[in-house]
Amino acid sequence: MDFAQLTRDLEALRSEALAQIVAAPDTAALESLEVEILGKKGRLTGILRGIGALPADDRPRVGAVANTIRQAVEAALRDRSAAVGGAELRARLLTERVDVTTPGRPIARGSLHPSIEAMADIARIFSQFGFVVHESPEVEDDRTNFQMLNIPPDHPARDLWDTLYVDQPGYLLRTHTSPGQIRVMQAMRPPIRALLPGRCFRYEAVDASHGFEFFQVEGLMVDEGTTLGDLKGLLDQFARAMFGANKRTRFRPGYYPFTEPSVAFDVECLVCGGPGCPACGRSGWMTILGAGMVHPVVLRNGGLDPERYQGFAFGMGPERISMLKHGITDLRLFMENDLRFLEQFA
Ligand code: PHE
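Nothing here was measured: the structure is a model prediction, and the numbers come from that model.

Asker: How would you explain the site of the ligand if you had to name every residue and give the values?
Answerer: Around the ligand, the structure places 15 residues, and the nearest of them are His176, Ser178, Arg202, Gln216 and Glu218. Here an oxygen atom of the ligand and a side-chain polar atom of arginine 202 are 3.0 Å apart. Contacts to the ligand include glutamine 216, whose side-chain N or O atom sits 3.1 Å from an oxygen atom. Here the ligand, which alone exposes 320 Å², has 93% of that area covered by the protein. Structurally, the ligand is housed in the largest pocket. For the shell around the ligand, the elements supplying multiple residues, two or more each, are strand E5 (213–223), strand E8 (285–294) and strand E9 (310–316). With three residues, E9 is the single largest residue contributor to the shell around the ligand. In the shell around the ligand, the residues fall into six nonpolar, seven polar and two charged.

Asker: Can you break down the pairing of strand E4 (residues 192–201) residue by residue, with the values?
Answerer: Burial analysis of E4 places seven of its 10 residues in the buried class, which makes it a mostly covered element. With 10 bridges connecting them, E4 and E5 associate as antiparallel partners. Looking across to E5, one finds that leucine 195 is bridged to glycine 219.

Asker: Can you break down the domain arrangement of the protein chain residue by residue, with the values?
Answerer: Once the domains are mapped, the protein chain shows domain 1 (3–95) and domain 2 (114–345). With centres defined by C-alpha atoms, the gap from domain 1 to domain 2 works out at 80 Å.

Asker: Explain the nonpolar core to me, and be specific about the residues and the numbers.
Answerer: Core analysis: the largest hydrophobic core is formed by 33 residues, its most contacted members being Phe126, Leu235, Phe238, Ile288, Phe314 and Met316. Of all the secondary-structure elements, those providing two or more residues to this core are helix H5 (114–127), E5, helix H8 (228–243), strand E7 (259–268), E8, E9 and helix H10 (318–326). The leading source of residues in this core is H8, at seven residues. For isoleucine 288, the contacting residues outside a window of four places in its chain are Phe238, Ala239, Phe243, Phe265, Asp266, Val267, Met316, Arg320, Ile321 and Leu324.

Asker: Explain the layout of surface pockets to me, and be specific about the residues and the numbers.
Answerer: In this model, the largest pocket occupies a volume close to 1100 Å³. Lining the largest pocket are 43 residues, with Ser209, Thr287, Ile288, Gly317 and Arg320 sitting closest to its centre. When residues of the lining of the largest pocket are traced back to their parent elements, those giving at least two are E5, E8, E9 and H10. With eight residues, E8 is the single largest residue contributor to the lining of the largest pocket. Considered class by class, the residues forming the lining of the largest pocket number 23 nonpolar, 15 polar and five charged.

Asker: Describe H5, with residues and values.
Answerer: Along its 14 residues, H5 runs 20 Å from first to last C-alpha, staying within 8% of the 20 Å computed at 1.5 Å per residue. Those residues of H5 not exposed but buried are Pro114, Ser115, Ala118, Met119, Asp121, Ile122, Ile125 and Phe126. Buried residues of H5, seen end-on, are gathered within an arc of 160° and therefore sit on one face of the element.

Asker: Lay out the sheet that holds E5 in plain terms, naming residues and giving numbers.
Answerer: In spatial order, the strands read E1-E4-E5-E9-E8-E7-E6; together these seven strands make up an open sheet with mixed pairing. Either end of the sheet is taken by a strand with one partner, and the two such strands are strand E1 (132–133) and strand E6 (249–254). Note that E5 and E9 share seven bridges and pair antiparallel. Its bridge partner being in E9, leucine 220 is matched across the sheet by alanine 313. Helix-sheet contacts for helix H7 (residues 179–187) involve E4, E5, E8 and E9, and the interaxial angle to E4 is about 140°. Strand contacts of H10: E5, E8 and E9, with the helix running at about 150° to E8, the strand carrying the most contacts.

Asker: An account of the environment of leucine 331 is needed here, citing residue identities and associated values.
Answerer: Tracing the backbone through its elements, the reader meets leucine 331 in the loop between H10 and helix H11 (333–336). Taking C-alpha positions, leucine 331 is 11 Å from proline 318, a pair spaced 13 residues apart along the chain. With residues up to four places along the chain from it excluded, the contact list for leucine 331 reads Ala208, Ser209, His210, Gly211, Glu319 and Met323.

Asker: Summarise the environment of alanine 241; cite the residues concerned and give the values.
Answerer: For alanine 241, the position within the fold is in helix H8. Judged by its relative accessible area of 49%, alanine 241 is partly exposed. Once the C-alpha coordinates of alanine 241 and aspartate 121 are considered, the two residues, 120 residues apart in sequence, prove to be 9.3 Å apart.

Asker: Run through unusual backbone geometry, naming residues and quoting values.
Answerer: Glycine aside, residues mostly have negative phi angles, and peptide bonds mostly take the trans form. Here the bond from proline 190 into proline 191 is cis, since omega is 0°, no more than 30 degrees from zero. By the secondary structure assignment, proline 191 is in the loop between H7 and E4. Cis peptide bonds are those with omega within 30 degrees of zero, and the linkage from glutamate 260 to proline 261 qualifies with -5°. The topology assignment puts proline 261 in strand E7. In this structure, arginine 282 takes a positive phi of about 65° despite not being glycine.

Here is what the cut-offs are and how they apply
- Residues numbered from 1 in each chain as written.
- Predicted model: local features only at pLDDT ≥ 70, side-chain atom pairs only at ≥ 80, totals over all residues.
- Heavy atoms only, no water.
- Near = heavy atom within 4 Å.
- Polar contact = N/O pair within 3.5 Å; in protein donor to acceptor, adjacent residues only side chain to side chain.
- Areas by Shrake-Rupley, 256 points an atom, 1.4 Å probe, with all protein chains shown as cover.
- 1 Å grid on protein atoms, 1.4 Å probe; cavity = no way out; pocket = protein on both sides within 12 Å on 5 of 7 lines; lining within 4 Å.
- Sits in = over half its atoms within 2 Å of the grid points.
- Helix = DSSP H or I, 4+ residues; strand = E, 2+ residues; numbered from the N terminus.
- Nonpolar A, V, L, I, M, F, W, Y, C, P; charged D, E, K, R; others polar.
- Buried < 20%, exposed > 50% of the residue type's maximum accessible area, 1.4 Å probe, protein only.
- Pairing = 2+ DSSP bridges.
- Domains from an automatic or database assignment.
- Core = buried A, V, L, I, M, F, W, Y, C linked by side-chain atoms within 4.5 Å.
- Contact = heavy atoms within 4.5 Å.
- Points joined across faces, edges and corners; volume = space filled by probe spheres on them.
- Expected span 1.5 Å × (residues − 1).
- Arc of directions from axis to C-beta.
- Axes fitted to C-alpha atoms, helices over the stretch in contact; angles between N-to-C directions.

Structure representation (C-alpha cells):
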C-alpha cells in the first residue's frame, strides 16, 4: 500500500459516498449510510487502516485528505437530511390532518363517593356551629382507643367493639373515632368544638348492616357550663339540616362507658314519617347516632378539670346517614365500588 493508492481509494470513497447520500430516499437510509461510511467499523476507517504502512512523512497528508472527506460527507448528510426531513414532515402533516370541526369528546366526570359526600354534608352543617375538623390516627394505641375512654382491659364493654389488632403489641386499628376526643383535649384548651371524621375498623362478619371497615364522624364540644340541652338543640338542628325541616327527633337512654348520661338519637322514620313500616322496624323512628355528656374520667384523662368544664360528644356513621337519606338497604354497596351504584350519586 503506497500513498498514491491510499489517496485514490479515499477519493473513490468520497465520490461514491456523496452520490449515495444524494440518492438516499429517506431519514432511515441516511442514518444507515452514516454508520456505513463514518462509523467505527465504516468504510473510511477501513481505508485508513492502511496508513500505518506508509512512511511517517506521508501520514499527515493522508490524514488531511481523510479529514476533508469526513467533513464533506458530514455536510452532504446534513443537507440531504434537511431535504428529506422536510419532505417527510410535509407528508405527515398532509396525512395527519386535524379536523377542527369534529365534535369534542365529553370528559367523563367522577363524583364524590356517597360516604365522602355524607361526611362533607355533616362537616358543612357542623361547621356552621363553629366545629372545626381535626384528624387522629387510624392505627391507634389500646390506651387511647379504650383505657383513656374509661374502658379498662378485660372490661365487658369491650364486647361492643370487636377489635382488629396489629403486630405491634399495644396497637390496634381504631374501632371508633372516640379516641380523637382524647387527642383533641390533650392538644387544645376549651372552648373546644371539634369534628373528627375518619375510617374505623372492626372484626365483624360482613352483612347488610355490618362492615369490617366504615367511616365515623365524631363530634366533641367542651366548655364551661355545657349541658345536655345544648347537645339536644345542636343535634335537632343537625337532623333538620340533614333530613328536612320539621322532622321530629328524640333522645333515648343509651350506654357508652365514656359518656354519662349516654343517649341514642333518633329521627322520625324517613319512609313512613311515624306510624311504623318495615324500614323502621315498625317503630316509626330511625337511630342516627350515639351521644352523651363526656364522662368526668374522660375529661380528666384529656387533662381537663371536670369541676370546671363539661362537654358532650357524639358519634355517627356517614354510611348509615347516607343509607337513611337515600333508602339504601345494604351497607356492602359502599365498599364494593360498583360503578352502577356509585354513578347514581353523580
Ligand atoms: N364511639 C361510639 C361508637 O363507636 C359512638 C359514640 C361517640 C357514642 C361519642 C357517644 C359519644 O359506637
